[in-house]
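# Topology and contacts: notes
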Amino acid sequence: MSYNFLWSYIIHELDYDQFHENAENVYRIRNDRFQDENLVTKDVKTYPAAGAFLESQFPEVKKSLRLHSFPASVFYNGQELSEKNFYYSDPEFFQFFSFPLLSGKRKTCLEGMNKIVISSAVARKYFKNENPIGKELESIGPFVITGVFEKNSSSHLDIDFLVSFETFLGFQGQEMNEDWYFSDFYTYLLIDEKANKATLEGKISHALLQEISQRIAFERREEFHLQPLTDIHLHSNFSNEIKVNGSFQLLVLLGVIAILVLVITAINYASFLFIKSLDGIKEIGLRKILGANKTQILTALFLEYFFQTLFVFGISLFLLDYVANHYYYLFNLPSDFFLFTLKDNLLLWIGIALLFLVIIGLAYIYPVLHLINYEPAAGLKGQVLGFRKNLLGKALLTIQISILGGFLFFGILVISQVNFLKNKDMGFKLEQTLIIDNTMGDSLHQVFRNKLLQLPEVKSYANGSVIPGNDNWWKINLKNHSKEIKNFRMGRVSPEFSVVFDFEFLAGSGFGAHKETDKEGVVVNEETLKILGIKHPEEAIGEKVKFSRWEKEIIGVIKNYHHASLKEPFQPLGFVLASRNEHFKAINLESQHLPETLDKIQQTYRETFSSGDFNYYFLDDYFQEQYRNEEIFIRNLLFFAVVVLVLVFVGIISFTAHNIKNRRKEIAIRKVAGSSLSGIAHLFLRDFISLVVTAIIISFPATFYFSGFWFDNFAFKIEVNAMHICGAYFVLFSGLLITIVTQVWLSARENPANVLGEG
């Protein structure tokens, strides 16, 4: 069941975006940017002019599509409701993506000004059971609803509102179609299926670079790549992703776990069959004497074990459906994902079932061939092979112990890394920081702010265009007299921003509430100074920097902080003073009773704003969302580590029990001769210690190598030390020692006279 459970998740992840009719021919443009020949960012957004330009230059590019995200509010029944998944889209959206269009026309629903297509969930939210087609939805403008589509959770897209791109051009001007500066658009290409994709990618990158060099006044080092649509979910974790994607490396590790679970199951099954067959060895000897040949005996045993295995596999599928429906939170998946995966990938599941049966079949071969070669006389006397001569059995047991040792070692490394992630100083205040995710008018916002600051639980309040864990930066080129930073991250903040997040200033200060000169100032981090060639923070104060059409003066330098997760290195970033209230409101709380404090803040919001949702979250929860893939992996690793632990110890107990059973008389004789319990235990431990040492030699280097796939996801990580290694294998050795000594002790308690008196 564990094997099937893991494979159901792996299939689900591999199935992302496969449902689109043109899935194999749709590509997204990725834009890489360099600083002094060093790659500084891989961005999945690019310029609005790129798609149409490529259509005109390459016949292989049949169509292009732009998506541009923006936060907006919906005004409904006198209320202002904040919505996140708003996108401007070219009319070709439904020619690229095969989301079911429940109402409307696929080719024309996004043509013209002020047209909007909504998801079925939004239609139910705002219009209940009414038909929304032709009705108006009030947002940044009055939009006419021209379509309703059904979302699919197995897509890298997370969209609820599609607004016609002509509407965007109406706000920004038609010149946006020729823009090579505003890099904020997801651009997809529909490529001719006969085109050579690798060759085309090089041509596209070269053509775009040539066009950019002719259009802009300064030199820009960039590269462009084509991402296959079906690769985005598992192979794309770059800047500005639409949502948190999966991880191919973690999926590979889960696949390895699935195979290891199956291998251990097969080994245990072989051990079980072997020991069970010992009880029937006299029957096999009797059959041979009565004239049965090997083929007849093998056929009888095979049919018995085959139907046993098939029955168990069928039960495991029913159990899997139950577990998937009740413990799906292990993977953050819909409760019915297993049935959908089974239905949509029936042939693949048949292949997995056959693999299961083949491996279990191989496990069956070991005990059967071992027993079928016994001489009839030996079988009738019950004379069976002892543990010390059973080389194959010892090899299988060593494999099991190696796998368990690897799980324990890797588990300790993962737990240590998780503790490192939780306890690492991020360089800013993360706990008890409340974020309100709402757009507010300037006048009422000021009233709301003043009311909140009167609450004793509210220590400070700020707003900004960006918050830690969020990638909503204004990305620009910033330069001083000698150096230029490509793709510099700039945010707009209120004066209290550095107070709320408790940034550490290495030189200068933050923005003052009433300092006019701060309007021309900028606060930067250490990484910025490093690239600008400024060695000491004090030297940066007063330095003039230019970006776009502005010139600013550095007034403060903050210590590098982890704006993104520990998977990302430090990036050059800075802040300028906002001219109005920005989207994100950050509130620093100091309260032992957060539910009551939240009620007060929400009540204040309701008193200030007559309508609208109160959208909030705590920053630590929001920040941890960046580790969603790691959390899924850790939960599964721990869950299946327990499964492996149980399987391995069941195997060890069965092997030890078999060995002790064959040597009961020897134990009884030694006990009569005066041997102590420790002396008797030594007989068995001598063999097992050599197996454990061999298992450690195998598992340590293999686990250390494969753990690198997981640790490669982090820019900041722990150093593997002797404590990790010794801790894992001490637990392994201690567990095996206790298991074996306990079984020997139980056997040694038998009365020697009873054992020696047996026939």
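I will try to describe carefully the structure that is included in this document.

Further remarks concern the pairing of strand E8 (residues 142–149). Within E8, 6 of the 8 residues are buried, which leaves it mostly tucked inside the rest of the structure. Pairing geometry for strand E5 (residues 101–103) and E8, over 2 bridges, is antiparallel. If you follow Leu101 over to E8, its bridge partner there is Phe149. Bridge analysis of strand E6 (residues 115–119) against E8 gives 5 bridges, and the strand direction is parallel. Residue Val117 lies in a different strand from E8, and its bridge partner there is Gly147. In the sheet, strand E7 (residues 136–138) pairs with E8 via 3 bridges, with the strands oriented antiparallel. Bridge pairing in E8 links Glu136 to Val144. Counting the residues that bridge the hairpin from E7 to E8 gives 3 residues.

The next point concerns helix H5 (residues 165–172). Every buried residue belonging to H5 is among Phe165, Thr167, Phe168 and Leu169, and all of these are buried. Positive backbone phi, approximately 100°, marks Gly173, located one or two places after H5.

Right, let's talk about the packing of helix H21 (residues 628–662) against helix H24 (residues 722–748) for a bit. For the pair H21 and H24, the least separation of the axes is 10 Å and the interaxial angle reads 35°. Of the two possible hands of crossing, H21 and H24 adopt the one that is right-handed. Between H21 and H24, the contacting residues are Phe649, Ile652, Ile653, Thr656, Ala657 and Ile660 on the first element and Gly735, Leu736, Thr739, Ile740, Gln743, Val744 and Ser747 on the second.

Where nonpolar side chains cluster on the molecular surface, the patch consists of Ile689, Val693, Ile697, Phe733, Leu737 and Val741 and spans about 460 Å² of accessible area. The class for Val693 is partly exposed, based on a relative accessible area of 43%.

The next point concerns the packing of aromatic side chains. Enumeration over the complete set of coordinates arrives at 48 aromatic pairs. Seen in terms of ring centroids, Phe409 and Tyr729 are 5.9 Å apart; in terms of plane orientation they differ by 40°. Their pairing is tilted. With Phe409 in helix H14 (residues 391–423) and Tyr729 in helix H24, this pair connects stretches of sequence that are 320 residues apart. Site record: aromatic cluster; members linked through ring pairs are Phe19, Phe93, Phe94, Phe96, Phe97, Phe99, Phe149 and Tyr188.

This brings us to the packing of helix H2 (residues 50–57) against helix H6 (residues 197–215). Packing of H2 against H6 brings their axes to within 11 Å, and their N-to-C directions diverge by 115°. The two elements H2 and H6 meet at a crossing, and its hand is right-handed. Along the contact surface, H2 presents Ala50, Phe53 and Leu54, while H6 presents Ile204, Ala207, Leu208 and Glu211. Broken down by class, the residue content of the contact of H2 with H6 amounts to 6 nonpolar, no polar and 1 charged.

Before going further, it helps to examine the side chain of Asn245. Within the secondary structure, Asn245 is located in the loop between helix H7 (232–235) and helix H8 (248–278). At 3.4 Å, the side chain of Asn245 and the backbone oxygen of Ile232 are in polar contact. Sequence-distant contacts of Asn245, defined by excluding residues within four places in its chain, comprise His156, Ile232, His233, Ser236, Asn237, Arg628 and Asn629.

A few words now on the side chain of Glu543. Note that Glu543 resides in the loop between helix H18 (537–540) and strand E18 (544–547). This buried residue, Glu543, is left without a salt bridge; Lys544 holds the nearest opposite charge, at 10 Å. There is a polar contact of 3.0 Å between the side chain of Glu543 and the side chain of His481. In this view, Glu543 contacts Asn480, His481, Ile534, Lys552, Glu553 and Ile554; residues no more than four positions away in its chain are not counted.

This paragraph deals with unusual backbone geometry. Here the phi dihedral of Asn240 falls at roughly 70°; this positive angle occurs in a residue that is not glycine. With respect to the element layout, Asn240 can be found in the loop between H7 and H8. The exposure class of Asn240 is buried, given its relative accessible area of 15%. Phi is positive for Gln432, close to 50°, though the residue is something other than glycine. With respect to the element layout, Gln432 can be found in the loop between H14 and strand E12 (433–437). In this structure Gln432 comes out as partly exposed when scored by relative accessible area, which is 24%.

A few words now on the nonpolar core. Judged by nonpolar contacts, the single largest core of 83 residues is most densely connected at Ile257, Phe428, Phe501, Phe575, Phe633 and Trp710. Broken down by element, this core gets its largest block of residues, 12 residues, from H21. Those residues within four positions of Ile257 in sequence are excluded, and the remaining contacts are Leu6, Phe407, Phe633, Leu637 and Phe640. Counting residues in each nonpolar core, the second largest holds 25 residues, with Leu65, Phe97, Leu110 and Tyr186 among its members.

Right, let's get into the pattern of salt bridges. Taken as a whole and judged by the stated rule, the model has 19 salt bridges. With a closest N to O distance of 3.3 Å, Lys151 and Asp160 form a salt bridge. Owing to a relative accessible area of 12%, Asp160 belongs among the buried residues under this scheme. Linking Glu178 and Arg215 is a salt bridge whose minimum nitrogen-to-oxygen distance equals 3.5 Å. Remark: Arg215 occurs in helix H6 and Glu178 occurs in the loop between H5 and strand E10 (186–191); sequence separation between them is 37 residues. Linked by salt bridges that have partners in common, Arg33, Asp43 and Glu222 make up one network.

Tracing the chain through its elements places Ile133 in the loop between helix H4 (120–127) and E7. Given a relative accessible area of 34%, Ile133 falls into the partly exposed group. As for Ile133 and Ser103, which are separated by 30 residues in sequence, their C-alpha atoms are 7.4 Å apart. Ignoring sequence-local partners within four residues, the contact set of Ile133 consists of Ser103, Ile145, Thr146, Gly147 and Val148.

Cut-offs used in this document
- Residues numbered from 1 in each chain as written.
- Predicted model: local features only at pLDDT ≥ 70, side-chain atom pairs only at ≥ 80, totals over all residues.
- Heavy atoms only, no water.
- Buried < 20%, exposed > 50% of the residue type's maximum accessible area, 1.4 Å probe, protein only.
- Helix = DSSP H or I, 4+ residues; strand = E, 2+ residues; numbered from the N terminus.
- Pairing = 2+ DSSP bridges.
- Axes fitted to C-alpha atoms, helices over the stretch in contact; angles between N-to-C directions.
- Left-handed = near helix turned anticlockwise from the far one by under 90°.
- Contact = heavy atoms within 4.5 Å.
- Patch = residues over 30% accessible without salt bridge, like charges linked within 9 Å, V, L, I, M, F, W, Y side chains within 5 Å.
- Areas by Shrake-Rupley, 256 points an atom, 1.4 Å probe, with all protein chains shown as cover.
- Salt bridge = Lys/Arg side-chain N within 4 Å of Asp/Glu carboxyl O.
- Phe/Tyr/Trp six-rings, centres within 6.5 Å; stacked < 30°, edge-to-face > 60°.
- Nonpolar A, V, L, I, M, F, W, Y, C, P; charged D, E, K, R; others polar.
- Polar contact = N/O pair within 3.5 Å; in protein donor to acceptor, adjacent residues only side chain to side chain.
- Lys, Arg positive; Asp, Glu negative; His and termini not counted.
- Core = buried A, V, L, I, M, F, W, Y, C linked by side-chain atoms within 4.5 Å.

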